[in-house]
Structures are given as structure tokens and as C-alpha cells.
Protein chains: 2
Amino acid sequence: MAVRDFVGETAAMDGTILVTGAGIDMSLLESLREHGLRIPDRPIQPLTEEELIRGLRGAVAYVHGGEERATAGVLASARETLKVVAFLGVGYENFVDVAAADGLGIVVTSTPGAATDSVTELTIGQIINANRHIGQFLGDRYPGWRSPEELPHELRSRRVGIVGLGANGTRIAEVLRAFHTDVAYFSRTRKPDVEERLGLSYLPLPELAGRSDILVVMVPCTAETRFMIDVDVLKRLRPGAVLINTARPAVVDPHALHEAMSAERVGMAVFDGFYDRNSEIAAKLLSDFGDRLLVTGHIASHTREAMDRMVSQAVGSIKNVLSTGADEYAVGKHGGIS
Amino acid sequence: MAVRDFVGETAAMDGTILVTGAGIDMSLLESLREHGLRIPDRPIQPLTEEELIRGLRGAVAYVHGGEERATAGVLASARETLKVVAFLGVGYENFVDVAAADGLGIVVTSTPGAATDSVTELTIGQIINANRHIGQFLGDRYPGWRSPEELPHELRSRRVGIVGLGANGTRIAEVLRAFHTDVAYFSRTRKPDVEERLGLSYLPLPELAGRSDILVVMVPCTAETRFMIDVDVLKRLRPGAVLINTARPAVVDPHALHEAMSAERVGMAVFDGFYDRNSEIAAKLLSDFGDRLLVTGHIASHTREAMDRMVSQAVGSIKNVLSTGADEYAVGKHGGIS
């Protein structure tokens, strides 16, 4: 194969690519054949660690688009051939053990920015669903409000707090401002340019919670952010507040949430992806407050356009890593090179 | 009562006000006592013409916030006392026989602008619900898309057509532009200033339908607009299009809609309020396409804030009509005086 002349040595392995997840257009991976890689017919959805280890046998590259966990053990089993794990999305922390990959010389990449519009749209939609209780009023019956207090509020009149002003948080703020909603934010680093452009105010997290009718959590889940929305934050919310977590579930402490929903401090909570469904607290939240929880199955970035952008970006990253050992979207110890 | 000195002679009747609907804060009507009117404790929801006629007995003013029809017969029965019908909202055409009221010397007023934000929020929420199929993905299961074709599309990639660029249509366009969505419109009168400000293009209705993945209907229902969304319009839509009708149902021809949904020309349809539930075609639409219809019970303007603004505006109009016989929000032959 003449093309091997200009690709890196790793491509000479004639290895495979493991692709996981759903809704992936496999034709977008075709160009990887030039790197001597065999492309599977379709993605798989490995349900157990054993299935994942089997799927990775002989794989040079791994496109992670599913819900499986690439643990240290999984990655170690693939160390002989695996060079790159291209995660579809940005919230890789719970799905790929990047420290283990770093130790094994496996590069992990992500796809920042590719799903920003899709995540923003789902988040805004769910803010309106929760704030206006739309699900409750599906059906053609005229609602028999007994008192004006039962009426939902206009989003325009609500005070929204955004936790995390990355690409997603910023776009969400931008759309909320088009609704003329009052928006404030907390972020690890202040963004004076965004504050000025969108008319946002910055507040420390406790103060932000204290003014919020609607709190939108949009931070990656790391050791630092795990359970950052805790009892102290939730108890400050305005009574009956709406909590929107379309980031990873574990940013919110589930026990604290149960307490806040029991006290009706949190009126409605939105999740995209939920806590481990075998855990006691997940079951308890769903059984005690099922009608006040709007949960979707991690679909925020699942649109045709976002998936295609993520897969194309992942293919570019895989080529870069196989050719040069590096990529601008690498994370962990390989990150920050561009 | 000294206050009578400066109010019109009609106030001397010691009449009542009939208030209908749900969620109305009656304290907002208190100031009408100064006009010699008795305020009921709560709104009623008259279900039959007889109930409405009974409710209007002795009424000088009528705040219409429900789903009942003030027909020619109803208005004639109240002609001895009734001076003003203050409709809460703008879509009065199906609820108040304005021509009959005109003939009887009863002034009808509406509340333009009071619910624009509430209507916009519900409409945008339902656009996202329909376009992303959110209802279908409630629950914590990761979706097992079999093919990329099954994935929903980003709103940003959709071409939206808005039929009717009044206050509501304009606000909806404004928010859609914040999503970076491509928006065009049709309106009886072109709005070059709005086109320029929001980057909209104007198209005649057939051409607008021909380019639309999502068609948003936002016109009042009049003799002119009844069934304006007909077979000819619907057959031009892009396959699987989303039809959003948060205006009055009868703007869309239900038989044409059934045909377009059978042919999957229309993939999803959204209504706020539905066709007469006793009609054969309404039942047929719901039974044949229940999972592709998102119907709410005329709640678009039902927020605390919009209701309060509508009621306050109606109270102002009632005072004006009782004092001067006229009001800037009068419709029909009394309209257009301001």
C-alpha cells in the first residue's frame, strides 16, 4: 500500500478501530483506511468490561461514543496495540481513565465545541419544560387553575444562575438573554469579556445560588467538581427553584438533592443521564419525586449534526496521533500542546 | 359615593362584573369598585351558553378569560346592562362575536402585547420538544439509535418559516436567531425594519412552506386566516416537517393536516388548544397520530406575569370604556381610535 509511505509507523499494524455508541455515521471513518486501519461495519455498545476488552483486541484506535467505562484494567489489556482513545464529547472524566492512559502511553482526545449548539438547545428546551411544567399540561384540557399562585412563571421574570461559563454555559447564557432573562454566573475563572457582551454578573457560588430561581449546572465532572452542588448550595436556592443539570449527574450530590426536594427547596430537577440506576439513592429519587424529575438518557449531544462533527473531529485527532503522536484536542498529559 | 361624581353615568348602575377563566388574581380588579361595580369572589368557568347568560345577568362589564363563546345570543341577552367585554388575550375572534357586540353598542377590548413573552417561551419550548423529540427520550435509558438517520437534527440546522410577523412572531424570530437558526417569514404586510434587524427574508406563503423544515403559525384566526394552512401549503413542506401552531387551531385545516401526517409530509404537529373534541376529525387526528401530536390546553399565555398584565390592562380598558365609551385597545368598530 503506497499510502503507508507517508503515514506513521503505527499505521503499518493493520489494526482495527473499535467504535462504540449509537447513531454514528461509519462512512465518516472511511478516510482512516488510508492509515492502514480496518473499519468495522457498525458501532457496538459494550455492556460489560469483558465485552469492551474483547472489542479492543487488536485495536489501534478506539472511538468512544457510548456509555461504557474504559477503566485502567481495560486500557492495560489493550496496551500492546492501542495508541489513541478518541472520546466523542467533552465529559470524558467518568468514561476514560486518563491517568491510566497517560501511564500506558495511550493518547486520549475529546471533541470540544462540536456539540455546543445541541447541548444548548436541549438545555433551553428543558428549562422551559421545567419552568412552565409543560409535561403536566399535555392534552387538550383547559387548565383549571384554582389560584393565581398555581400559575407557572415567565422565564423572563426568573433569575437564572449558570455554574460554569465554558462554551456551553456561554451559549446558554446568550440564548437566555434573548429571552430577556436576568442571568448571573459562577465560573472558576471570571470572563469579563462575556460579562460585558451579554450583560452577566459574576457571583461566588453561594451568592449565585441565593439569587437563583433556576440554577443551570454546566461544568465537567472532575475530582474538583464532583458533588459541588451540595447541601450548602441547594439550601440557598429560592424556594421551589428549578435545578438544571445537563452536564454529568455526579456534579450534584444526590443525597443533598433528595433533601432539597423533600423540603421543596428544589421544585423540579432536570438531568440528562442519571445516577447509577442500581444505586439506592437513584431509585429513591425516582420513586419519591418522579413527577418532579425530568430525566433524559444522555442525549444532549445526540443530533445528527453534532454527532457528525464529533466523529469528524475524532477522525482528525486519530490521524494526528497516529502520524505525530500528538493532537490539539488531546487531554491529560498530552493536552495543551497546540 | 363621592367617587361617582367623576365616573360616567353607567357606573351608577351598581352592576356586577362577570369574570371567567382560571388563575386570575381578583385583587387586581379591586380598583373597579370606585366605578360602583361589585367584584365577584372568584372567576367562573361557564360550560354552557345558559350558564354564561345567567352569569351575565346584571353585568356591566365582562372579563373574558375562559374558553366560553360570547355568541350573538349571549350578548343580546345582556344588552340591557353590558357595556364592555374585556377579552384577556388577542385571539378573541372565536370567543366573542364582535360584529354582534358592535350592533348592540357593547365595546370589546383585547390585551395586545401582554402575553408576548409567555407565548414566545411556550412556542420555543415546543419547537425544541418537537424537533428533538424530547418526550420520546424521557427516562434514563441511553438511546440505541440504529442508524444515524434516526438522530434528531439541531435546531440550528433547520430552516424555520414563520407565518405572521406580529408582536409574537417577531419575538419568536428574535429568539430563534439567538439559536443561529435560519428564519424566513410570510406576513400580510412586509416588515422591512424587522427583516433588517433580525436578518429575516420575506417569502410568499407557498415559497415559505417550500423551504421550511419547521413552520410556525402565529396569526389571529379570522375569516381571512381560517384554514389558511391548507393542503396546498402543507404539501410543499419539506418531508417530515414540524408544524407549530400555538395560535388558534382553526388556522390549520384539520383534514389537510390528517392527509399531510398520513403522507409523513408533516412529522410532528404542535397545538396549544385543539379542534372541538367532539368533532370526528379531531378524534381521528388524535387516534391516528397521537404520538406525533403535542397538544396543550391553551396555556401559551398562562403565566402569572402574563395573566396579571392582561388583567391589569383589561381593568384599565373597562375604566376607560365606562368613563368615556372608548379605549385604545377596543376592537371591531370601536377599534383604531388611539
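Residues numbered from 1 in each chain as written. Chains lettered and ligands numbered in written order. Predicted model: local features only at pLDDT ≥ 70, side-chain atom pairs only at ≥ 80, totals over all residues. Heavy atoms only, no water.

**Concerning the interface of chain B and chain A**
Next up, step 1: Taken together, the contact between chain B and chain A spans 62 residues of the former and 62 residues of the latter.
Next up, step 2: Of the roughly 5400 Å² buried at the junction of chain B and chain A (both faces included), carbon and sulfur atoms supply 56%.
Next up, step 3: At the junction of chain B with chain A, the criterion picks out 37 residue pairs in polar contact (both at pLDDT 80 or more).
Next up, step 4: The set of elements that each furnish at least two residues to the side of chain B that touches chain A consists of helix H4 (116-132), helix H5 (167-178), strand E11 (293-296) and helix H11 (304-324) of chain B.
Next up, step 5: If you tally residues by element for the side of chain B that touches chain A, the top one is H4 of chain B, at ten residues.
Next up, step 6: The residue makeup of the side of chain B that touches chain A, split by class, is 25 nonpolar, 21 polar and 16 charged. (Contact = heavy atoms within 4.5 Å. Buried area = accessible area lost by both parts, 1.4 Å probe. Polar contact = N/O pair within 3.5 Å; in protein donor to acceptor, adjacent residues only side chain to side chain. Helix = DSSP H or I, 4+ residues; strand = E, 2+ residues; numbered from the N terminus. Nonpolar A, V, L, I, M, F, W, Y, C, P; charged D, E, K, R; others polar.)

**Things to note about the UniProt feature "domain: D-isomer specific 2-hydroxyacid dehydrogenase NAD-binding" (unreviewed entry) in chain A**
Next up, step 1: According to UniProt, the feature "domain: D-isomer specific 2-hydroxyacid dehydrogenase NAD-binding" (unreviewed entry) maps to residues 125-300 of chain A in the numbering used here.
Next up, step 2: Counting secondary structure, residues 125-300 of chain A comes out at 32% helix and 18% strand; the distance between its end C-alpha atoms is 11 Å. (UniProt positions renumbered as here; feature names shortened; annotations may be inferred.)

**A short note on the pattern of salt bridges**
Next up, step 1: Under the definition given, this model contains 36 salt bridges over all chains.
Next up, step 2: For lysine 235 of chain A, the salt bridge is made with aspartate 232 of chain A, and the minimal N-O distance between the two is 3.3 Å.
Next up, step 3: The shortest N-O distance in the salt bridge between aspartate 288 of chain B and lysine 284 of chain B comes to 3.5 Å. Of the two residues, aspartate 288 of chain B and lysine 284 of chain B both sit in helix H10 (residues 280-289), four residues apart, roughly one turn of that helix.
Next up, step 4: We classify lysine 284 of chain B as partly exposed; its relative accessible area is 39%.
Next up, step 5: A cluster of three or more residues bridged by salt bridges with shared partners is formed by Asp117, Arg171, Glu174 and Arg197 of chain A together with Arg156 of chain B. (Salt bridge = Lys/Arg side-chain N within 4 Å of Asp/Glu carboxyl O. Buried < 20%, exposed > 50% of the residue type's maximum accessible area, 1.4 Å probe, protein only.)

**Remarks on the pairing of strand E9 (residues 241-245) of chain A**
Residues and elements named next belong to chain A.
Next up, step 1: In terms of residue burial, E9 counts as a mostly covered element, since five of its five residues are buried.
Next up, step 2: Burial along E9 is two-sided: Ala241, Leu243 and Asn245 and Val242 and Ile244, pointing in opposite directions, are all buried.
Next up, step 3: Of the strand pairs in this sheet, strand E8 (residues 214-217) and E9 are connected by four bridges, and their pairing is parallel. What sits directly across from valine 217, in E9, is asparagine 245.
Next up, step 4: Relative to strand E10 (residues 266-272), E9 runs parallel, the two sharing five bridges. Looking at E10, one finds that alanine 241 is bridged to valine 266.
Next up, step 5: Once you follow E9 into helix H9 (residues 254-262) and on to E10, the crossover reads as right-handed. (Pairing = 2+ DSSP bridges. Right-handed = clockwise from strand over helix to strand, strands pointing away.)

**With respect to H11 of chain B**
Because an α-helix completes one turn every 3.6 residues, residues spaced three or four positions apart along the sequence face the same direction.
Residue and element names in this part refer to chain B.
Next up, step 1: Over its 21 residues, H11 runs 30 Å from end to end, which matches the ideal 30 Å to within 8%, given 1.5 Å per residue.
Next up, step 2: Contact partners of the buried residues in H11: strand E2 (59-65), strand E3 (84-87), strand E4 (107-109) and H4.
Next up, step 3: Following H11 by one or two positions, glycine 325 has its phi on the positive side, about 80°. (Expected span 1.5 Å × (residues − 1).)

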